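The chain contents come next:
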Amino acid sequence: MDQVLSTKDSWYIEWAWVGGYSSLSTLVFIFNILIFFSVGKNKFLHYSFHYLIVALSLRNLLRVILTLCLVFLAKLIQTPWLLKATFLIPANTSTDGIDLTETASMSLTCEVLSMWDHILMTAMMFYMAGMSLYMFCRHPNPSITEVSETTFKLSSIVPVKERSWVSPLLLLLPPLLAALLCLPIPLLHETHPMIALPGGSVCNLPDNAKFNTYQSSVAILGFLLPSAIVFCLMIGLSIRRCISCSGGTCVSSFCKEEMSLALLTLPYLAAYLAMYLPLLDHYLQKLDLPQTGLQPYITPEIARAVEMVLGLLLPVVVYSVLPGYRRFSSEPDASDLRRSKKESYNQSVTAPDSTRLSQESLELALVTRNGYTS
């Protein structure tokens, strides 16, 4: 697993992985770019949640590029003369007796790839945590109508309005935190092994340097802590949704967004846990506890490939759960329209009674005033 692809490896298995990555990356690019047009064409999607969806789709594109870079690098290492032509190593450097899969052979390249890898992984979890916190702090249902106090009639549905600082904060804070968490990579040269093909591991380290304090810190701060926040807030959102449904209003566009968050988060938690299996088994062994026993079946390259497949999960979820993405026009959610009609009906029923009570109060005040004046 930690050695370069050798000639004894079946060429058809090797190129099946390459062909799979090529086909999958094309699909991920097409459907994630489509999200940009869906959000841009519908003014009812112009608020923080959908801006975060656009940021996640951009993150998926960058993740695909990183995985393809690992695939290309693994293939280039097999042909050192071609690797020199890419300027990843100095042209006058002799590759005789040098293991190009080691970090020491391509220190700058490995630092860039390691930082890119950690930033994209931790930024995903920080975005999920920020999105769940944003949903928990807003109202259970959108304020989709405006009420006229004089006519007691409902006007047309209006887009969601937020404070101007909410969207920039939610968009910029997660990548900033991820970048700060990855600063030890360029400063302390803390790289980690990466693999995208069977037998194509790059940036390898000695066994005693693979699982250090920094890698544990990244797993705790960049995965476990955001996962705990998302999990707890999802439970809180479920309880609040039950309370909202008991009050009469249940399904709305906000409800569908909460469901899409759950459908996105749970598969990513499982995929990232699979990618951290070596670190988990390492610490289980140090604590004299039984290991998971899953590494022979969920190898690092399989875990990375599955994480790349999840790049299609975001388009599948938003286009199946959120109708606004399928319209490519400025139309509100059908659930919000039904809710608006229901509120309009309730207002039309209660409005005459309210008018009659106001008229009776006015007449009583006039009678009382005439009584005092006489």
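Residues numbered from 1 in each chain as written. Predicted model: local features only at pLDDT ≥ 70, side-chain atom pairs only at ≥ 80, totals over all residues. Heavy atoms only, no water.

Q: Can you help me understand empty space enclosed by the protein in this one?
A: Where empty space is left can be seen by rolling a probe of water-molecule size over the atoms. In total, this model carries 2 cavities of 30 Å³ or more according to the counting rule given. Computed from the structure, the largest cavity encloses a volume of approximately 190 Å³. Broken down by class, the residue content of the lining of the largest cavity amounts to 12 nonpolar, 5 polar and 4 charged. A volume near 40 Å³ is recorded for the second largest cavity. (1 Å grid on protein atoms, 1.4 Å probe; cavity = no way out; pocket = protein on both sides within 12 Å on 5 of 7 lines; lining within 4 Å. Points joined across faces, edges and corners; volume = space filled by probe spheres on them. Nonpolar A, V, L, I, M, F, W, Y, C, P; charged D, E, K, R; others polar.)

Q: Looking at this model, I keep getting lost on the pattern of salt bridges. Mind explaining?
A: Note that side chains of opposite charge can pair when their charged atoms are close. Taken as a whole and assessed by the stated rule, the structure comprises 11 salt bridges. With a shortest N-O distance of 2.9 Å, E307 and R63 are connected by a salt bridge. A residue pair is termed long-range when its members are at least 10 positions apart, and E307 in helix α11 (residues 300–309) and R63 in helix α2 (residues 48–77) qualify at 244 residues. Judged on exposure class, the residue E307 and its partner R63 are both buried. The salt bridge partner of E331 is R327, with a shortest N-O separation of 3.3 Å. Classification of R327 as partly exposed rests on a relative accessible area of 27%. One salt-bridge network, in which partners are shared between bridges, spans R59, R63, D117, R304 and E307. (Salt bridge = Lys/Arg side-chain N within 4 Å of Asp/Glu carboxyl O. Helix = DSSP H or I, 4+ residues; strand = E, 2+ residues; numbered from the N terminus. Buried < 20%, exposed > 50% of the residue type's maximum accessible area, 1.4 Å probe, protein only.)

Q: Which parts of the structure should I look at to understand the layout of surface pockets?
A: By volume, the largest pocket amounts to about 780 Å³. What lines the largest pocket is a set of 29 residues, and nearest its centre among them are Y134, C137, R138, V166 and L170. Counting only elements with at least two residues in the lining of the largest pocket, the list comes to α4 (107–137), α5 (166–181) and α8 (213–246). Among the residues making up the lining of the largest pocket, the classes are represented as 21 nonpolar, 4 polar and 4 charged. In this structure, the second largest pocket occupies an estimated 640 Å³ of space.

Q: I tried to follow α11 on my own but got confused; where do I start?
A: It helps to recall that an α-helix has 3.6 residues per turn; residues three or four apart then point in one direction. All of the buried residues in α11 are E301, A303, R304, A305, E307 and M308. Buried positions along α11 lie against α1 (11–41), α2, α4, β1 (194–195) and α9 (253–275). (Contact = heavy atoms within 4.5 Å.)

Q: I'm lost on the environment of H282 in this one. Help?
A: Its place among the elements puts H282 in helix α10 (residues 277–286). Residue H282 is classed as partly exposed on the basis of its relative accessible area of 22%. C-alpha separation for the pair H282 and F211, spaced 71 residues apart in sequence, amounts to 7.6 Å.

Q: Just checking my understanding: could you explain the packing of aromatic side chains for this structure?
A: The description of an aromatic ring pair rests on the distance of the ring centres and on the angle between the ring planes. Throughout the structure, instances matching the rule amount to 6 aromatic pairs. Here the aromatic rings of W17 and Y21 are separated by 6.1 Å at their centres, their planes lie at 50°, and the arrangement is tilted. Remark: Y21 and W17 occur in helix α1; sequence separation between them is 4 residues, near one turn of the helix. The exposure class of W17 is partly exposed, given its relative accessible area of 22%. Residues Y47 and F254 carry aromatic rings whose centres are separated by 6.3 Å and whose planes lie at 50° to one another, so their mutual orientation is tilted. Remark: F254 occurs in helix α9 and Y47 occurs in the loop between α1 and α2; sequence separation between them is 207 residues. Note on accessibility: Y47 and F254 belong to one class, buried. An aromatic cluster is present here, built from F223, Y268, Y272 and Y276 joined pairwise through their rings. (Phe/Tyr/Trp six-rings, centres within 6.5 Å; stacked < 30°, edge-to-face > 60°.)

From the geometry alone we can't say anything about function, so treat these as descriptive.
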